[in-house]
Amino acid sequence: MNIGVIGTGNIATYLLEQVNENHMADGQITAVFGRNMEAGTRLKERFGMEFYTDLGEFLSTPVDTVVEAVTVDAARLFLEEVVGHKKDLIVSSIGVFKDFAFLDELAKLAETNGTHVYLPSGAIGGLDVLQSARALGGLESVRLTTRKSPMSLGMETDREQVLFDGTAFDAVGEFPKNINVALVLAIAGIGVHETKVRIIVDPTVERNTHTIEAQGDFGKMQLQVENNPMAANPKTSLLAALSILSVLQNKGKSLKIGN
Ligand SMILES: NC(=O)C1=CN([C@@H]2O[C@H](COP(=O)(O)OP(=O)(O)OC[C@H]3O[C@@H](n4cnc5c(N)ncnc54)[C@H](O)[C@@H]3O)[C@@H](O)[C@H]2O)C=CC1
Ligand SMILES: O=C([O-])CC(=O)C(=O)O
């Protein structure tokens, strides 16, 4: 598998380390697209892939799978063209699907082009439970409580404070770099306006902690992940990068685990 990566930041660099240096997936990152020439040249020298600042040129290379690792706003600019070029797509910035119609469009384009769009579970879990729970429409409520350190939220404070309490839709609008998890939860569950989100800044925690509570015909679920932040970008949890690596590892396999 020839893999392309959009982005030259933390997740992009982590994937280059794990795939090209440590051979932790069945394939090679052969091309990276980004806007930062200096970062791209540095990555090229270290990991041996090609670097492109032109998206069309990047997509004309023989990559079969593209990983997006930029930002919610930048993802909106690039994703359609990736699927349009008949590439499989793995999305990190799930917040881009706050516009649900865009996800629908992208999925239809992928179907027409015979490709796949992957939404990794990222920095959370429980998506299997939510999808099973809603199989007959009986999932009633989903709530996410996210607790992060001031550093992870890019702010300074010495007291615990609820920064946001509302819907997944509004959460992504206000915290696009911190709450992609709310969107994947909404997509797997009951939607962006029905999924409730609370974001708390807490100077006593080091880990990015996500607690998911769901209820429905199936019963109840409570799931908490306490994520170690990544050194290169403490806004992002290691589990988020690992989940993309895991999609790459499982992609070609005949055995699928979980729904
Ligand atoms: N799904 C999930 O659970 C999670 C998703 N994320 C998301 O994953 C994405 C990547 O995260 P990191 O690598 O940690 O972020 P990062 O900030 O380290 O890297 C993002 C890179 O995107 C580049 N970029 C921004 N706008 C661009 C544009 N218009 N064109 C080209 N490049 C552009 C920046 O230069 C930067 O290098 C972010 O959107 C982040 O919010 C992060 C954590 C969890
Ligand atoms: O990495 C995390 O813990 C969650 C995060 O930033 C996001 O969902 O955007």
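For the protein, an unreviewed UniProt entry supplies the name L-aspartate dehydrogenase and the organism Planococcus maitriensis. What UniProt states about the protein under its Pathway (unreviewed entry) heading is, verbatim, "Cofactor biosynthesis; NAD(+) biosynthesis; iminoaspartate from L-aspartate (dehydrogenase route): step 1/1." Checking UniProt for the protein, the heading Sequence similarities (unreviewed entry) contains the comment "Belongs to the L-aspartate dehydrogenase family."

J.: What's the story with the sheet that holds strand S4 (residues 65-68) in this structure? I'm lost.
T.: The strands making up a sheet associate through backbone hydrogen bonding, with each pair oriented either parallel or antiparallel. With parallel pairing, 6 strands are arranged side by side in an open sheet as S3-S2-S1-S4-S5-S6. Sheet topology places strand S3 (50-52) and strand S6 (117-118) at the edges, where each strand pairs with a single neighbour. Pairing analysis gives 2 bridges linking strand S5 (residues 88-91) to S6, with the strands arranged parallel. Within S6, the position partnered with Leu89 by the bridge is Val117.

J.: Quick question: what am I supposed to make of the packing of helix H1 (residues 10-21) against helix H9 (residues 238-250) here?
T.: The geometry of a pair of packed helices is captured by two quantities: the angle between their axes and the separation between those axes. Where H1 meets H9, the axes come as close as 10 Å, and the angle between the chain directions of the two elements is 45°. For the element pair H1 / H9, the angle class is oblique. Crossing geometry of H1 relative to H9 is assigned as right-handed. Contact residues: H1 offers Ile11, Tyr14, Leu15, Gln18 and Val19, while H9 offers Ala241, Ile244, Leu245 and Leu248. When its residues are assigned to classes, the contact of H1 with H9 shows 8 nonpolar, 1 polar and no charged.

J.: So what exactly am I meant to see when it comes to the UniProt feature "binding site: NAD(+)" (unreviewed entry) in the protein here?
T.: Here, the residues flagged by UniProt with the feature "binding site: NAD(+)" (unreviewed entry) are Ala123 and Asn180. Considering the C-alpha atoms alone, the annotated residues occupy 58 residues of sequence yet fold into one spot, their largest mutual distance being 8.6 Å. Residues contacting Ala123, with those up to four places away along its chain left out, are Val181, Asn208, His210, Asn227, Ser237, Leu239 and Ala240. Relative to the assigned elements, Asn180 resides in helix H8 (residues 180-188). Taking the number of C-beta atoms within 10 Å as the measure of exposure, Asn180 has 29 and is therefore buried. With residues near it in sequence (within four places) discarded, Asn180 still touches Ser93, Ile94, Gly95 and Gly122.

J.: Would you mind showing me how to read the site of ligand 1 here?
T.: Taken together, 26 residues lie near ligand 1, and Gly9, Asn10, Ile11, Gly122 and Ala240 sit nearest. Only H1, helix H4 (72-84) and H8 provide two or more residues apiece to the shell around ligand 1. Looking at side-chain class alone, the shell around ligand 1 contains 10 nonpolar, 14 polar and 2 charged residues. Residue-level mapping places the shell around ligand 1 at the junction of two domains, with at least three residues from each of domain 1 (2-122 + 239-250) and domain 2 (127-232).

J.: Quick question: what am I supposed to make of the UniProt feature "domain: Aspartate/homoserine dehydrogenase NAD-binding" (unreviewed entry) in the protein here?
T.: The sites that UniProt annotates as "domain: Aspartate/homoserine dehydrogenase NAD-binding" (unreviewed entry) are residues 7-120. The distance separating the terminal C-alpha atoms of residues 7-120 is 17 Å; by composition the span is 49% helix and 17% strand.

J.: Is there a simple way to think about H9 in this case?
T.: Within an α-helix, residues lying three or four positions from one another point in the same direction, as the helix has 3.6 residues per turn. Between the first and last C-alpha of H9 there are 18 Å, a value that for 13 residues agrees with the 18 Å anticipated at 1.5 Å per step. Among the residues of H9, Leu239, Ala240, Ala241, Ser243, Ile244 and Leu248 are the ones counted as buried. Packed against the buried residues of H9 are strand S1 (2-6), H1, S4, S5 and strand S11 (219-227).

J.: Please clarify how the site of ligand 2 should be interpreted in this entry.
T.: Gly122, Ala123, Asn178, Ile179, Asn180, Val181, Asn208, Asn227, Lys235, Thr236, Ser237 and Ala240 make up every residue found near ligand 2. Of the residues contributing to the shell around ligand 2, the split by class is 4 nonpolar, 7 polar and 1 charged.

J.: How should the domain arrangement of the protein be read in this particular structure?
T.: One frequently used descriptor of interface size is the decrease in accessible area upon assembly of the parts. Taken domain by domain, the protein comprises domain 1 (2-122 + 239-250) and domain 2 (127-232). Once you take the C-alpha centre of each, domain 1 and domain 2 turn out to be 24 Å apart. Taken together, the 16 residues of domain 1 in the interface contact 15 residues of domain 2. For the side of domain 1 that touches domain 2, the secondary-structure elements that each account for two or more residues are H1, helix H5 (100-113) and H9. Its residues placed into classes, the side of domain 1 that touches domain 2 shows 8 nonpolar, 7 polar and 1 charged.

Reading guide: rules and limits
- Residue indices begin from 1 for each chain and proceed along its sequence in written order.
- Written order determines the labels here, with chains lettered from A and ligands numbered from 1.
- Residues qualify for local features only when their pLDDT is at least 70, as the model is predicted, and side-chain atom pairs are given and counted only at 80 or more; totals for whole chains, interfaces and linings, by contrast, use all residues.
- UniProt positions are given in the numbering used here, feature names are shortened, and annotations may be inferred rather than shown by experiment.
- Strands qualify as paired when DSSP identifies two bridges or more between them.
- Helix numbers and strand numbers start at the N terminus; a helix is a DSSP run of H or I with at least 4 residues, a strand a run of E with at least 2.
- The convention used is that axes are lines fitted to C-alpha atoms, helices contributing only their stretch in contact, and that angles between N-to-C directions extend from 0 to 180 degrees.
- An angle below 35 degrees is read as roughly parallel, one above 145 as roughly antiparallel, one from 65 to 115 as roughly perpendicular, and any other as oblique.
- In this scheme, a crossing is called left-handed if the near helix is turned counterclockwise away from the far one by less than a right angle; it is called right-handed if the turn is clockwise.
- A residue pair is marked as a contact if its C-beta atoms, positioned from the backbone, fall within 7 Å.
- Ten residues, namely Ala, Val, Leu, Ile, Met, Phe, Trp, Tyr, Cys and Pro, are considered nonpolar, four, namely Asp, Glu, Lys and Arg, are considered charged, and the remaining ones, Gly among them, are considered polar.
- Any residue surrounded by 20 or more other C-beta atoms within 10 Å of its C-beta is treated as buried, while 12 or fewer makes it exposed and the intermediate range makes it partly exposed; C-beta atoms here are placed from the backbone.
- Near, for a residue, is defined by distance from a backbone-placed C-beta atom to a molecule or strand, with 6 Å as the limit that must not be exceeded.
- For every domain, the bounds stem from an assignment made automatically or drawn from a database.
- Expected span of a helix, by definition, is 1.5 Å for each gap between consecutive residues, and there is one gap fewer than residues.

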